[in-house]
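Structure at a glance
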Amino acid sequence: MLVTVEGGRVSAVRGDPEHPFTRGGLCVKVNNYADRVYSPERVLYPLRRTGVKGSGEFKRISWELALDEIARRFKQIAAKHGAQAILPYSYLGTEGLLNGLNVGDAFFNRLGASISERTFCGSGAATGYIMTVGPTPGTDPESLVHSRYIILWASNVISTNLHLWPVIAEAKRRGAKVVVIDPIRTRTADAADWHISIRPATDGALALGLINVIANEGLIDDEYVKRYTLGYAELKARAELFPPQRVASITGIDAGDIVRLAREYASIQPSTIRIGIGIERHAGGGDCVRAISCLPALVGAWRRPGGGLVFMPNFAFPIKHEVLMRPDFIRPGTRCINQLHLGKALTGSLELNPPVKALFVFNSNPLVVAPDQNRIVAGLSREDLFTVVSEQFLTDTTDFADIVLPATTQVEQLDLMFSWGHFYLTLNTPAIAPLGEAVPNSELFRRLAQSMGFTDPCFKRTDMETLMELVDWDSPALAGITLDVLKRKGYARLKVALTPHAEGNFPTPSGKTEFLSSLAANGDFVLPLFRQGWTRTERGPALDPLPRYVAPRETPQTNVALATHYSLNLLSPKSHALLNSCYANLPRQRRIVGNPRVTIHPEDARRRSVTEGAAVRVFNERGSFEAVAHLSDIVRPGVIVAPLGYWRKFSRSRSTVNAANSSALSELGNAPTFSDNLVEVETLMFRSDAQSNRRDINAAGSNASD
Ligand SMILES: Nc1nc2c(c(=O)[nH]1)N[C@H]1C(S)=C(S)[C@@H](COP(=O)(O)OP(=O)(O)OC[C@H]3O[C@@H](n4cnc5c(=O)[nH]c(N)nc54)[C@H](O)[C@@H]3O)O[C@H]1N2
Ligand SMILES: Nc1nc2c(c(=O)[nH]1)N[C@H]1C(S)=C(S)[C@@H](COP(=O)(O)OP(=O)(O)OC[C@H]3O[C@@H](n4cnc5c(=O)[nH]c(N)nc54)[C@H](O)[C@@H]3O)O[C@H]1N2
Ligand SMILES: [Mo]
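Position labels on residues start from 1 in each chain and follow its written sequence. All chains are assigned letters beginning at A, and all ligands numbers beginning at 1, according to the order in which they are written. Local features in this predicted model are restricted to residues whose pLDDT is 70 or higher, and side-chain atom pairs enter the listing and the counts only when it is 80 or higher, whereas totals over whole chains, interfaces and linings include all residues. Based on all heavy atoms of the structure, the side-chain values leave hydrogens and waters out of the count.

1. Considerations on the overall build of the chain
Numbering of helices and strands runs from the N terminus, with a helix taken as a DSSP run of H or I at least four residues long and a strand as a DSSP run of E at least two residues long. The helix and strand tally for the chain stands at 24 helices and 26 strands. Based on C-alpha atoms, the radius of gyration is set beside the globule rule, defined as 2.2 Å times the residue count to the power 0.38. Here the chain has a C-alpha radius of gyration of 25 Å; the compact-globule value for 706 residues is 27 Å, and the two agree. Each principal axis of the C-alpha distribution contributes one length, and for the chain these read about 70 × 65 × 55 Å. Exposure categories follow from relative accessible area, calculated using a 1.4 Å probe and restricted to protein chains: below 20% of the type maximum is buried, above 50% is exposed, and the middle band is partly exposed. Counting every position in the chain, which comprises 706 residues, the buried fraction comes to 64%. What sets the accessible areas is the Shrake-Rupley method with a 1.4 Å probe; for residues, cover comes only from the shown protein chains. Element-wise, carbon and sulfur atoms account for 50% of the exposed surface of the chain, whose accessible area totals about 24,700 Å².

Structure (structure tokens):
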């Protein structure tokens, strides 16, 4: 992003036309970023609560007072209950290496606080991926132009990975076939050659079914399998349990289509699979990715440029995460509380000893993004809970804070950006000075450390010092790349191989694609969780050495008893114009997104007498939210969609889709199970003021320009 500054003020932002990957394109979320920076609603000064919890009423206080109060309360709580009564909570408000996922780790580890287990995004899928192919950056997204067969598996590229689309479109022009596997005909599915509509949470069966056909029809690359894989015979035997007919009955996909997909994928080379995050959001998400990760090796897709898997380019960035994480500060035996369990942790359902007495939130808006929303509301309403939130805006979460601290935006802070979607390391230089008294997260933790009396050198480092320490500048991936290069150009492409696995070289214990996982089998299993931030390993019970199909917990097919009350599968993918819950308060994005809406298949709507534009309540035993019904066959019968991102305080029901979502974790990697839940829909008896003709362009799959 190029920022134009006039008279000390950002006057415009635009994409960098010379950037090889983003090509000058900015998405609808950030192409008016100056409006976010200068929004009259920015939090620019520390605030203290004046109203009841949830009221969002505050008065300005000084930083000094705010820090004094936080330090005093933290010390009191630590003395009375132990420091583990303090729970940090953060996610990806910014993805910057300095101010992002790990910026608070050293502070909270030093404090002895509970560890917040961060498994919102990719933990289940990445666990399955690492078990099979290791932590490899995989196929270069840019090399997809060479691909002749591209499967976008649970990935709504046009909305969530916009800059990859031109690469795919170019491959298409060169003759590639693009297949989308998704229960929704998304705008990406609309633009593809073939949309395969699958029952939610059944992809693991499909992947094993593809292996079945590929193995039985002799479509494997014998030589590649022999030299660079482990456990083919065992995998084949496992896949025997998944013949196309059986897979068809599980997934709702026509058996002929399953066979055709397998044949095309195997024979049209190079083929690539882009794995999306939607894939992991159910009980068996991680295992499903294990099975998918077997596929490229089976058919020898890794041999050629453009073949393989696009999933974790971030593994290419040579970052020393421990510099920020400081695992050496963790006191032995410190407990871990999974972030998806926030509601339970705050309301006593986890029987925590000590109970959580203080919550410190930054880079996150849990009231919108975390499941089990009603419990979170109840927990945050506790008078005896001391809550601090560092934010740019007064969100649903800050409404419950005792103290709010002002945070800078991306144009006001120094940072170094890695990526989940390409191989460019980017230096984010501040364009303007911080507005008001806002501070970057790095400075926030320097100040907190000082207030707590922590004198360790890491709490005194400048941002530039941290940045220099954080990067492994000697890594071959950075050959020729220095800070000066980054300063001059803004970004630099990592040195990565075009065909990293043409000859095996997988970063697994055996160096091969492990159909038969040695990590799982040895009983001394090492679980690569995204816990303390980046992959941290942990011993767990031995797992099935082979990928298996774990049936979803809440579907009409797998939970008949529950389905007699709630018979629709609710999906809550990303909104096109929002970034998780970010931008949902800004006028332009709100106009584009419109009001909360739920898309339902016309047949399901008819059975419930739900009509187009009707105000409906979506509910189950966990909770409910209201939305405007949109009838469309872009969703499979039995599936409804309500995208993530709307804020509670703008909804009539003061609840959003995560009120109905479960905090149950997936079997591998403790991932969320947002796609594994049953709900029911009923028409409200009055016209909701949420009614509107505007469409959420993601849910409606429209190609309306924005
Ligand atoms: N516009 C926009 N872009 C974003 C974000 C955003 O909020 N908005 N968020 C960013 C973040 S944090 C992430 S993690 C990425 C995620 O980007 P994606 O991986 O694209 O994630 P989602 O949109 O959640 O889900 C993708 C698709 O998976 C489908 N899906 C859901 N359940 C299943 C299932 O069981 N099987 C199959 N086959 N498909 C399923 C959904 O219908 C959806 O179309 O996007 C990033 N980019
Ligand atoms: N139902 C459902 N729930 C989901 C998902 C889903 O698909 N469906 N997706 C999940 C996924 S993949 C993810 S990644 C999570 C995302 O979860 P979060 O990372 O919590 O989501 P955001 O809405 O991006 O919230 C970030 C907050 O940080 C603030 N912020 C931004 N920059 C800064 C900064 O520099 N400093 C500080 N202090 N604050 C800042 C923003 O204003 C925003 O309020 O949500 C998860 N929740
Ligand atoms: Mo995410």
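Now that the structure has been shown, the text picks up again.
2. Things to note about the site of ligand 2
Taken together, the neighbourhood of ligand 2 is formed by 31 residues, with S364, V369, E391, K574 and S581 sitting nearest. At 3.2 Å, a backbone N or O of N365 approaches an oxygen atom of ligand 2. One of the side-chain N or O atoms of N661 is found 3.1 Å from a nitrogen atom in ligand 2. Calculation on ligand 2 without its partners gives an accessible area of 910 Å², and the protein chains cover 97% of this total. In this count, Pro and Cys sit with the nonpolar residues alongside Ala, Val, Leu, Ile, Met, Phe, Trp and Tyr, while Asp, Glu, Lys and Arg are called charged and the others, Gly among them, polar. Residue composition of the shell around ligand 2, grouped by class: 11 nonpolar, 16 polar and 4 charged. Summarising the domain contributions, the shell around ligand 2 has at least three residues from each of domain 1 (39–115 + 320–417 + 424–492) and domain 3 (560–699). Only a single heavy atom is needed: when it lies within 4 Å of a molecule or strand, its residue is near that molecule or strand. By the criterion applied in these results, polar contacts are pairs of N or O atoms within 3.5 Å in which, for protein atoms, one can donate a hydrogen and the other can accept it, and in which residues neighboring in sequence qualify only through two side-chain atoms. These domain limits were set by an automatic method or by a database of domain assignments.

3. Quick word on the packing of helix α11 (residues 244–251) against helix α12 (residues 255–267)
Every angle, taken between N-to-C directions, lies between 0 and 180 degrees, and every axis is a line fitted to C-alpha atoms, over only the stretch in contact when it is a helix. Relative to each other, α11 and α12 sit at 115°, their axes nearing to 8 Å. The orientation of α11 relative to α12 falls into the category roughly perpendicular. In this structure, α11 crosses over α12, and the sense of that crossing is right-handed. Contacts between α11 and α12 involve P244, Q245, V247, A248 and T251 from the first element and A255, I258 and V259 from the second. For classification purposes, an angle smaller than 35 degrees is called roughly parallel, one larger than 145 roughly antiparallel, one from 65 to 115 roughly perpendicular, and anything else oblique. A clockwise turn of the near helix away from the far one marks a right-handed crossing, whereas an anticlockwise turn of less than a right angle marks a left-handed crossing. Two residues qualify as a contact provided that any one of their heavy atoms is within 4.5 Å of a heavy atom in the partner residue.

4. Focus on the environment of Q373
Looking at the element boundaries, Q373 is found in helix α17 (residues 373–380). Residues Q373 and N658 lie 285 residues apart in sequence; the distance between their C-alpha atoms is 5.7 Å. The residues contacting Q373, other than those within four sequence positions of it, are L367, V368, R648, S655, T656, N658 and A659.

5. Quick word on the domain arrangement of the chain
You can read the domains of the chain as domain 1 (39–115 + 320–417 + 424–492), domain 2 (124–314 + 500–539) and domain 3 (560–699). Computed from C-alpha coordinates alone, the two centres of domain 2 and domain 3 are separated by 29 Å. Taken together, the contact pairs 29 residues of domain 2 with 24 residues of domain 3. Summed over both partners, the accessible surface that disappears when two parts come together, traced with a 1.4 Å probe, is what is meant by buried area. Counting the surface lost from both domain 2 and domain 3, the interface buries some 2,100 Å², and carbon and sulfur atoms represent 57% of this. In terms of surface lost to domain 3, no three residues of domain 2 exceed I184, R185 and R281, which account for 29% of the buried area on that side. For this document, the term salt bridge refers to a Lys or Arg side-chain nitrogen within 4 Å of an Asp or Glu carboxyl oxygen. Connecting domain 2 to domain 3 are 1 salt bridge. Between R185 and D633 there is a salt bridge, with its nearest N and O atoms 3.3 Å apart. Our count for the contact surface shared by domain 2 and domain 3 stands at 10 residue pairs in polar contact (both at pLDDT 80 or more). Of all the elements in the fold, those that place two or more residues in the side of domain 2 that touches domain 3 are α4 (123–133), α5 (157–160) and α13 (285–299). It is α4 that provides the largest number of residues to the side of domain 2 that touches domain 3, a total of 4 residues.

6. Some points on the pattern of salt bridges
What the rule picks out here adds up to 42 salt bridges. For K177, the salt bridge goes to E264, with nearest N and O atoms at 3.0 Å. Of the two residues, K177 sits in strand β8 (residues 177–181) while E264 sits in helix α12, which places them 87 residues apart along the sequence. For the pair shown, K177 and E264 are each scored as buried.

7. Structural notes on the sheet that holds strand β12 (residues 308–310)
Across a sheet, paired strands are connected by hydrogen bonds in the backbone, their directions being either parallel or antiparallel. Spatial strand order, β9-β8-β7-β11-β12: 5 strands in an open sheet with parallel pairing. Edge positions in the open sheet fall to β9 (194–196) and β12, since each of these has one partner strand only. Within the sheet, the average angular offset between the axes of one strand and its neighbour, ignoring direction, is 20°. Two strands qualify as a pair provided DSSP detects at least 2 bridges between them. Summarising the sheet, β8 and β9 pair through 3 bridges and their orientation is parallel. Its bridge partner being in β9, I181 is matched across the sheet by I196. Against the sheet, helix α6 (residues 165–173) engages β7 (149–153) and β8, with an angle of about 145° to β7.

8. Re the nonpolar core
The nonpolar core is taken to be a set of buried Ala, Val, Leu, Ile, Met, Phe, Trp, Tyr and Cys residues, with the residues joined through side-chain atoms within 4.5 Å. Grouped together as the largest cluster of nonpolar side chains are 92 residues, with contacts concentrated most on W153 and L298. A domain split of this core shows at least three residues from each of domain 1 (39–115 + 320–417 + 424–492) and domain 2 (124–314 + 500–539). If sequence neighbours within four positions are ignored, W153 has contacts with I181, D203, L206, A207, L210, I273, R274, I275, G276, I279, I292 and L295. Counting 33 residues, the second largest nonpolar core, distinct from the first, contains I86, F329, A358 and A449.

9. Details of the site of ligand 1
As a matter of local geometry, ligand 1 sits amid 29 residues, with D182, D203, I277, L578 and N580 nearest to it. One nitrogen or oxygen atom from the main chain of A201 is found 2.7 Å from an oxygen atom belonging to ligand 1. The separation between a nitrogen atom of ligand 1 and a polar main-chain atom of S575 is 2.9 Å. With the chains in place, 91% of the 910 Å² that ligand 1 exposes on its own is no longer accessible. A per-class count over the shell around ligand 1 returns 14 nonpolar, 11 polar and 4 charged. The two domains that each donate at least three residues to the shell around ligand 1 are domain 2 (124–314 + 500–539) and domain 3 (560–699).

10. Concerning the packing of α4 against α13
Orientation of α4 relative to α13, taken along the N-to-C sense of each, is 40°, at an axis distance of 7 Å. On the basis of their axis angle, the class for α4 and α13 is oblique. Crossing geometry of α4 relative to α13 is assigned as right-handed. Contacts from G124, A125, G128, Y129, M131, T132 and V133 in α4 reach G286, V289, R290, S293 and C294 in α13. A breakdown of the residues in the contact of α4 with α13 according to their chemical character gives 6 nonpolar, 5 polar and 1 charged.

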